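Now for the letters of each chain:
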Amino acid sequence: MDTIYALSSASGRAGVAVIRLSGPNAMTALRAIAVGELPAPREAGLRRLRHPRTGVDLDQGIVLAFPAPGSFTGEDVVELHLHGGRAVVRSVLEALASCDGLRPAEPGEFTRRAFEHGKLDLTAAEGLADLVNAETEAQRRQALRQMRGKLGALYDRWRQDLMRALAHIEAHIDFPDEDLPPSLAEGTKSTLSAVSTEIGRHLQDERRGERLRDGISVVILGPPNVGKSSLLNVLAGRPAAIVAATAGTTRDVIEVQLDLAGYPVIVADTAGLREAQDEIEFEGVRRAKARAGEADIKILMVEGSDHQDMVAELENLADDNALFAINKCDLLEHLPTVLLCGRPTFAISARTGAGLDGLLAALTEAVIERAGLSETPALTRERHRLALKECLDCLGRALAAPATELLAEDLRLAVRAIGRITGRVDVEDILGIIFRELCIGK
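Cut-off values and rules
Along each chain, residue indices are assigned from 1 in the same order as the chain's sequence is written. Under the rules for a predicted model, residues below a pLDDT of 70 receive no local features and side-chain atom pairs below 80 are neither given nor counted, while totals for whole chains, interfaces and linings still include all residues. Hydrogens and waters are ignored; side-chain quantities use all the structure's heavy atoms. Working definition: helices are DSSP H or I runs of at least four residues, strands are E runs of at least two. Numbering for both runs from the N terminus. In this scheme, a residue with accessible area under 20% of its type's maximum is buried, one over 50% is exposed, and one in between is partly exposed, where area comes from a 1.4 Å probe on protein chains only. Using a 1.4 Å probe, the Shrake-Rupley method yields the accessible areas, and only the shown protein chains count as cover for residues. Helix axes use the C-alpha atoms of the stretch in contact, all axes being lines fitted to C-alpha atoms, and the angles between their N-to-C directions lie in the range 0 to 180 degrees. Angular relationships are summarised with four words: roughly parallel below 35 degrees, roughly antiparallel beyond 145, roughly perpendicular across 65 to 115, and oblique for the angles in between. Crossings are assigned a handedness: left-handed for a near helix turned anticlockwise from the far helix by less than a right angle, right-handed for a clockwise turn. Two residues qualify as a contact provided that any one of their heavy atoms is within 4.5 Å of a heavy atom in the partner residue. Classification convention: Asp, Glu, Lys, Arg as charged; Ala, Val, Leu, Ile, Met, Phe, Trp, Tyr, Cys, Pro as nonpolar; all other residues, Gly among them, as polar. One speaks of a salt bridge when a side-chain nitrogen belonging to Lys or Arg is within 4 Å of a carboxyl oxygen belonging to Asp or Glu. Scored from 0 to 100, pLDDT reflects the predictor's confidence in each residue. Here the aromatic set is Phe, Tyr and Trp, taking the six-membered ring for Trp, and pairing holds for ring centres within 6.5 Å; pairs whose planes are under 30 degrees apart are stacked, those over 60 apart are edge-to-face, and all others are tilted. Only when the NZ of Lys or the CZ of Arg is both within 6 Å of the ring centre and within 35 degrees of the ring normal is a charge said to sit over the ring. Two strands are said to pair when DSSP picks up at least two bridges between them. Here, nonpolar core refers to any group of buried Ala, Val, Leu, Ile, Met, Phe, Trp, Tyr and Cys residues whose side-chain atoms link them within 4.5 Å.

**Student:** How should I be thinking about the overall build of the protein in this particular structure?
**Tutor:** A tally of regular secondary structure across the protein gives 15 helices and 13 strands. Relative to its 442 residues, the protein shows a buried fraction of 48%. Accessible surface, the protein: about 21400 Å² in total, of which carbon and sulfur atoms supply 51%.

Encoded structure:
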């Protein structure tokens, strides 16, 4: 197998850059580039680095060696901690390229080798990819839990339970004359039923893990000129959308990404809802309504002076995850104490900030309710969901099977479906997708 190398830290100028090597020639390359004796395994050592062919000094940095199998990839691994200037990194990479048996790593290849050497399963690899991409505290916590194997352990437990049940069924098929105890078959049905119940409960998660991974979608809706863009700008803390007195200024969907109490939120400002005046506005209204249908949470906004005109429209858009706001309350003599569509309503002023704390607190509560972390590891990808649904279908057929042989076949398919999630079977089509999500060297 080739020895690979790559910049593992972010590209560009930095205080420190890390280059990683993995493979059978990693230690040989370290001896060629580092001056002096190598440090003891897993102990950092300060060494002068030089080009192995020209002898030109390249840098002075920290070197570490991790002999196989006690490394991230399960192979011999070397890390070079350098000064993070572009010229330094480029010169060391060029020096490594001159060493025999070394080549640049492909995207995600270090993680792929870790998987191939049994250092982590597919769910842990996905967790690592999510951890690299995490932008909020909740995303970090979910990704770290998955990378540490919490999700994989859950699926492996189900798989082991089903494999034991399959062994009992196959024993009945292969040894029909051995008078095996009836309790074995009865226990098998009980196991299948219990696992089916757990998987079904696991699937009924309202896509919490996927929402947390991708971001909770929030859309601001209402008639023109009620302050939707002003509210978006307040939430974003910057002028993300144009604000003007002219009605219908916003024609397209404008998005900003927020970190709300540690949760990733994507807030969308939309075109005002009214009878379109032209073709462009018609498309804007259509997109606003389409986004409303996809959103996890809606903020339905009207203006304090004429909110009754929009009640019917809002009733068509409202659902259990809608928040109602009456804007421009600073222009009213008395704050409105009303309900829109029979729901509690926040009186706010996007201009002065009045009432926004209450609306923001309600939005935060709704976000946590939609994507909050729970004790049970959450589904984070559609492929998990599809494989579990397939497994559940197979278990349903197995429990209803009229013959033992048919039960066994459906049970085998169920084991195979759940095994694909962690990489026990049929992994090649999944590997490329997962590892492309990772940066080179990760």
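**Student:** Could you clarify how one ought to interpret the packing of helix H4 (residues 122-133) against helix H5 (residues 137-147) in this entry?
**Tutor:** Axis angle and axis distance: for two packed helices, these are the angle between their axes and the distance between the axes, and together they describe the pair. Put simply, H4 and H5 touch, their axes get as near as 7 Å, and they point 155° apart. Judged by the angle between their axes, H4 and H5 are roughly antiparallel. When the axes of H4 and H5 are compared, the crossing they make is left-handed. Across the interface between the two elements, Thr123, Ala124, Glu126, Gly127, Leu128, Asp130 and Leu131 from H4 touch Arg140, Ala143, Leu144, Gln146 and Met147 from H5. Residues of the contact of H4 with H5, tallied by class, amount to 6 nonpolar, 3 polar and 3 charged.

**Student:** Can you help me understand the pattern of salt bridges in this one?
**Tutor:** Pairs can form between side chains of opposite charge whenever their charged atoms are close. Using the criterion set out here, one finds 32 salt bridges in the structure. Across the salt bridge formed by Arg103 and Glu109, the nearest N and O atoms sit 2.6 Å from each other. Note that Glu390 is salt-bridged to Arg420, the shortest N-O span being 2.5 Å. Pair noted here: Glu390 is in helix H13 (residues 382-399) and Arg420 is in helix H14 (residues 404-422), with a separation of 30 residues, a long-range link. Here the residues in one salt-bridge network are Glu126, Asp130, Arg213, Asp214, Arg381 and Arg383, joined through shared partners.

**Student:** Mind showing me how you'd approach the confidence of the model for the protein here?
**Tutor:** Parts of the prediction with low pLDDT should not have their coordinates interpreted in detail. Confidence in the prediction for the protein averages 86 pLDDT; 86% of positions are at 70 or higher. Residue range residues 427-431 is modelled with pLDDT below 50. Its contacts to residues more than four positions away, or to other chains, number 9 contacts.

**Student:** I tried to follow the packing of aromatic side chains on my own but got confused; where do I start?
**Tutor:** Each aromatic ring pair is characterised by the separation of its centres together with the angle its planes make. Within this structure, the stated rule accounts for 1 aromatic pair. Ring geometry for Tyr155 and Trp158: centres 5.8 Å apart, planes at 40°, overall tilted. Here Trp158 and Tyr155 lie together in helix H6 (residues 150-174), a separation of 3 residues that amounts to about one turn. Across the pair, exposure class does not vary: Tyr155 and Trp158 are buried alike. Here the basic side chain of Arg20 rests over the ring of Phe110, its NZ or CZ set 5.5 Å away from the ring centre.

**Student:** Honestly, the side chain of Glu75 in this entry has me stumped. Any pointers?
**Tutor:** Along the polypeptide, Glu75 turns up in the loop between strand S4 (57-66) and strand S5 (77-84). Exposure remark for Glu75: the relative accessible area of 7% places this residue in the buried category. Ignoring sequence-local partners within four residues, the contact set of Glu75 consists of Met1, Ser22, Gly23, Phe66, Pro67, Ala68, Arg113 and His117.

**Student:** Would you mind going over the pairing of strand S9 (residues 263-269) with me for this structure?
**Tutor:** Put simply, side chains in a regular strand alternate between the two faces of the sheet. When you tally the buried positions in S9, you get 6 out of 7 residues, the bulk of the element. Pairing of strand S7 (residues 216-221) with S9 involves 5 bridges; the strand directions are parallel. Note that in S9 the partner of Val219 across the bridge is Ala268. The pairing of strand S8 (residues 254-260) with S9 spans 7 bridges and is classified as antiparallel. When the bridges of S9 are listed, Glu255 appears paired with Ala268. Linking S8 to S9, which pair antiparallel, is a turn of 2 residues; within it Ala261 sits at a positive phi near 55°.

**Student:** Looking at this structure, I do not really get the nonpolar core. What am I missing?
**Tutor:** For soluble globular proteins, nonpolar side chains are generally found buried alongside one another. Counting residues in each nonpolar core, the largest one holds 28 residues, and the members touching the most others are Tyr155, Leu162, Leu388 and Leu395. Contributions of two or more residues to this core are made by H6, helix H7 (182-203), H13 and H14. In this structure, Leu212, Met301, Leu356 and Leu363 belong to the second largest nonpolar core, which totals 27 residues.

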